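Chain and residue survey
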Amino acid sequence: MDAKKKLLVVAHAPSPNTLKLRQAVEQGAKHEDIENVEVTVLPPLEAGPEDVLACDAIILGTTENLGYMSGALKDFFDRSYYPCLEKTQGLPFTFYIRAGLDGTGTHRAIDSITTGLRWRLVQEPLLCHGDYRDEFEDQCRELGLYMAVSLDAGLF
């Protein structure tokens, strides 16, 4: 039997609501029908290049802070960028943003860094924008599910 594919979730969750979003991504990715995907969920300050090098796909999650990604996710990128630069080209990824404003600065910053890393966006990023709504959790659950199902099916 082939080894399980590894899906890494690196998501900043500084509040109860953002923790619900990260947990929803994890629930979707660990759906009972997905058999060949191992899911690891880490906060950005605990994740590093070794985690990225060991995964087959990654989901990033961040809050929008002053029109930019969280400092924790930026720190993750700062520590991981050069060790991963030549070794993770083409890494399938997607991301979600919990944005109080419009999320465009955060989206642009993640695009810039992941373009430099030459990662491959395989699913449209999710923007959870405005006042918190329970539907954000359903959307995050779907994000995790679709990434894990695609990885399980060998689509990337």
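Scroll up to find the structure this text is about.
Residues numbered from 1 in each chain as written. Predicted model: local features only at pLDDT ≥ 70, side-chain atom pairs only at ≥ 80, totals over all residues. Heavy atoms only, no water.

Considerations on the overall build of the chain
The line we're drawing: Secondary structure follows DSSP: runs of H or I at least 4 residues long count as helices, runs of E at least 2 residues long count as strands, and numbering of each begins at the N terminus. For this measure, only C-alpha atoms enter the radius of gyration; the expected value for a globule follows 2.2 Å times N^0.38, where N is the number of residues. Exposure is judged per residue with a 1.4 Å probe applied to protein chains only, and the accessible area is read against the type maximum: over 50% gives exposed, under 20% gives buried, and values in between give partly exposed. A contact between two residues is defined here by any heavy atoms of the two lying within 4.5 Å.
Along the chain, the regular secondary structure elements total five helices and seven strands. The C-alpha atoms of the chain give a radius of gyration of 14 Å, which matches the 15 Å a tight globule of 156 residues would have. If you line up the chain on its principal axes, its C-alpha atoms span 45 × 35 × 25 Å. Looking at the chain residue by residue over its 156 residues, the buried ones come to 47%. Partitioning the intrachain contacts of the chain with sequence separation of at least 6 by distance along the chain shows that 84% fall at a separation of at least 24.

Comments concerning the packing of helix α1 (residues 16-29) against helix α5 (residues 135-152)
Applicable threshold: Where helices are involved, their axes are fitted lines through C-alpha atoms of the stretch in contact, as for all axes, and angles between N-to-C directions lie from 0 to 180°. Each crossing is labelled by how the near helix is turned from the far one, with a counterclockwise turn of less than a right angle marking it left-handed and a clockwise turn marking it right-handed. Here the nonpolar group is Ala, Val, Leu, Ile, Met, Phe, Trp, Tyr, Cys and Pro; Asp, Glu, Lys and Arg are the charged ones; every other residue, Gly included, is treated as polar.
The geometry of α1 relative to α5 is characterised by a closest axis approach of 6 Å and an angle of 35° between their N-to-C directions. The chirality of how α1 crosses α5 is right-handed. Counting all contacts with α1, which are made through Lys20, Leu21, Ala24, Val25, Gln27, Gly28 and Ala29, the residues of α5 involved are Phe136, Glu137, Cys140, Arg141, Gly144, Leu145 and Ala148. Among the residues forming the contact of α1 with α5, the class breakdown is eight nonpolar, three polar and three charged.

Some remarks on helix α4 (residues 104-117)
Filter applied, for reference: Expected helix span is computed as 1.5 Å times (number of residues minus one). Within this analysis, the arc is defined by the directions that extend from the helix axis to the C-beta atoms.
Compared with the 20 Å implied by 1.5 Å per residue over 14 residues, the 20 Å span of α4 between its first and last C-alpha is a close match. All buried positions along α4 are accounted for by Gly105, Thr106, Ala109, Ile110, Ile113, Thr114 and Leu117. The buried side chains of α4 occupy one side of the element, clustering within an arc of 155° when seen end-on. Along α4, exposed side chains directed more than 90 degrees from the buried face belong to Arg108, Ser112 and Thr115. Summarising the contacts, the buried residues of α4 are in contact with β3 (57-65), β4 (68-69), α3 (71-85) and β5 (92-99). Remark: Arg118 follows α4 within two positions and exhibits a positive phi of approximately 65°.

A closer look at the pattern of salt bridges
Worth spelling out the cut-off: The salt bridge criterion pairs a side-chain nitrogen of Lys or Arg with a carboxyl oxygen of Asp or Glu, the two atoms within 4 Å.
Summed over all chains, the structure comprises five salt bridges. Across the salt bridge formed by Glu26 and Lys30, the nearest N and O atoms sit 2.8 Å from each other. A relative accessible area of 24% places Glu26 in the partly exposed class. Take Lys30: its relative accessible area is 47%, and that puts it in the partly exposed class. The salt bridge involving Arg79 is made with Asp75; its shortest N-O contact spans 2.7 Å. Linking Arg79 with Asp75, this pair stays in helix α3, spanning four residues, or about one helical turn. Classification of Asp75 as partly exposed rests on a relative accessible area of 27%.

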